[in-house]
Amino acid sequence: MKKVLIANRGEIARRIIETCKKLHIETVAIYAEADAELPYVKEADSAFLIGPSQVQQSYLKGDDILALAKREGVDAIHPGYGLLSENASFARKIEEEGMIFIGPKPETIDKMGDKIGSRQTMQAAGVPVVPGTDEGVLTLEDALEEAQRIGYPIMLKASSGGGGIGMIRCDDEQALSQNFVSVKTRAKAYFGDDVVFLEKYISGGRHIEVQIFGDTQGNIVHLFERNCSVQRRNQKVIEESPSPNFPQAAREKLLQAAVDAAKAVNYRNAGTVEFIVDENNDFYFLEMNTRLQVEHPVTEAVTGFDLVEWQLQVAKGESLPITNQEDIHSSGHALEFRIYAEDPKTFFPSPGKISRLDWGSLEGIRIDAGYEEGNSVTPFYDPMIAKVIIQSDSREQAVKKAQQFFSSVTIEGVKTNVALFQQFLGANAFMNGTYTTAVLPQWLEQQKEEK
């Protein structure tokens, strides 16, 4: 593998370029018009305009990306996360053209991309799933009947959804009636599939996921868990490892269930198995993300491994660098914060030019940034400016270090959630480590009431 095309943008493109440079692999970047000045375009060995700023006319044009890859004679394509990363058709076409898709097998992407199908697969493998419907719900009448059987509150979900899109909590019949058609319509618009299903809403739940890795020799290991319960609009904002206040016996069961899930689909390359964990530490399968996750640096911080390097090695047909689970260890504590160009009160995007960007002088902080001072955050894509990864020997020390870091950061020209992190890190709800997926909305509501 001498030349890799990165079918992505921003910070994840920079992240992949970094490892490729370390391994002396040539990189080819693609960019839409709005991204022409971003750092990753300059850091790649070569970069090509792929289309206009709109994502449907650029980064989602799989055939155009494939044609460019063939023209440039690349050996492999890395899809990053989002965009085409879980598009089985794109992965299949890459392999049909004799290039390597740096990710799982296309049939695995297909199987696990359908959330109803993945539920059925996990049930057959003995992995607990959230009580819900095992088939698509076609009509509102059927949905109301099934919700009555399951018991409110329920989550109405798009079978092909992801990233928090196409899912909504319904507390009663009225809410389900109001949202049923709109969720189906949204699912059709975003994913080309309007099939929806119902799952029991697990109140007091924590969102805990497990990093798994498999190779072509049949080896499958886990790289421990990440707690991703600090969320806004069902999307993660803070992730940490290890998950705080999680008994070791429950942790070991969860990690084994993730490995069982991966074995059930003969998993290859990097993936994540996501669970919801209730107040009794019983856990239920939510979904499998068949790609590298945004929050993979959390795992890198506690294990010391380069997950992109692992991806490249496995994609070449090599075995995992470590195949014995007992030889994989986690040490210390790591936190990741997603810094967004958004209004911290409404979470609406705040596009604009970053007139000043100063990360402060605190040492030992990893910053995976997609933008530099002078770049513009445009309204065409997810407005994440950077990910900040902070590691220390203990959770208490890592949180304290994070508080110091955010008090020294300066970002001007766009609104950001930096001030929100400054305040939230001192909240008892976060400090005590017992928080659930409701922690951020509840804390924000409390802040309003106190004012």
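Coordinates for the structure precede this section.
Residues numbered from 1 in each chain as written. Predicted model: local features only at pLDDT ≥ 70, side-chain atom pairs only at ≥ 80, totals over all residues. Heavy atoms only, no water.

Participant: Explain the sheet that holds strand E13 (residues 283-289) to me, and be specific about the residues and the numbers.
Facilitator: Strands sit in the order E13-E12-E9-E10-E11-E14-E19-E17 across an open sheet of eight strands; the sheet is antiparallel. The sheet is open, and its two borders are formed by E13 and strand E17 (365-369), each paired with just one other strand. The sheet shows a mean angle of 25 degrees between the axes of neighbouring strands, taken without regard to direction. In this structure, strand E9 (residues 206-214) lies alongside strand E10 (residues 220-232), joined through six bridges in antiparallel fashion. Residue pairing for E10: Glu-209 is matched across the bridge by Arg-226. Together, E9, E10 and strand E12 (269-277) form the strand contacts of helix H11 (residues 307-315), whose direction differs from that of E9 by roughly 40 degrees. Its contacts with the sheet place helix H15 (residues 439-450) against E10 and strand E11 (235-241), and it is angled at close to 20 degrees to E10. (Pairing = 2+ DSSP bridges. Helix = DSSP H or I, 4+ residues; strand = E, 2+ residues; numbered from the N terminus. Axes fitted to C-alpha atoms, helices over the stretch in contact; angles between N-to-C directions. Contact = heavy atoms within 4.5 Å.)

Participant: So what's going on with the packing of aromatic side chains? Which residues, and what values?
Facilitator: The full count for this structure, using the stated rule, is 14 aromatic pairs. Look at Tyr-59 and Tyr-381: their rings are 5.7 Å apart centre to centre, the planes differ by 75 degrees, and that puts the pair in the edge-to-face class. One end of the pair, Tyr-59, is in the loop between strand E3 (46-51) and helix H3 (62-72); the other, Tyr-381, is in the loop between strand E18 (376-377) and strand E19 (384-392), and 322 residues separate them in sequence. No difference in accessibility class separates Tyr-59 from Tyr-381, as the two residues are buried. An angle of 75 degrees between the planes, with centres 5.1 Å apart, marks the rings of Phe-405 and Phe-406 as edge-to-face. The exposure class of Phe-405 is buried, given its relative accessible area of 1%. Grouping aromatic residues by their ring pairs yields a cluster made of Phe-337, Trp-359, Phe-405, Phe-406 and Phe-421. It is Arg-71 that lies over the ring of Phe-48; its NZ or CZ is 5.5 Å from the centre. Across the ring face of Tyr-201, the terminal group of Arg-169 is positioned such that the distance to the ring centre comes to 4.2 Å. (Phe/Tyr/Trp six-rings, centres within 6.5 Å; stacked < 30°, edge-to-face > 60°. Buried < 20%, exposed > 50% of the residue type's maximum accessible area, 1.4 Å probe, protein only. Lys NZ or Arg CZ within 6 Å of the ring centre and 35° of its normal.)

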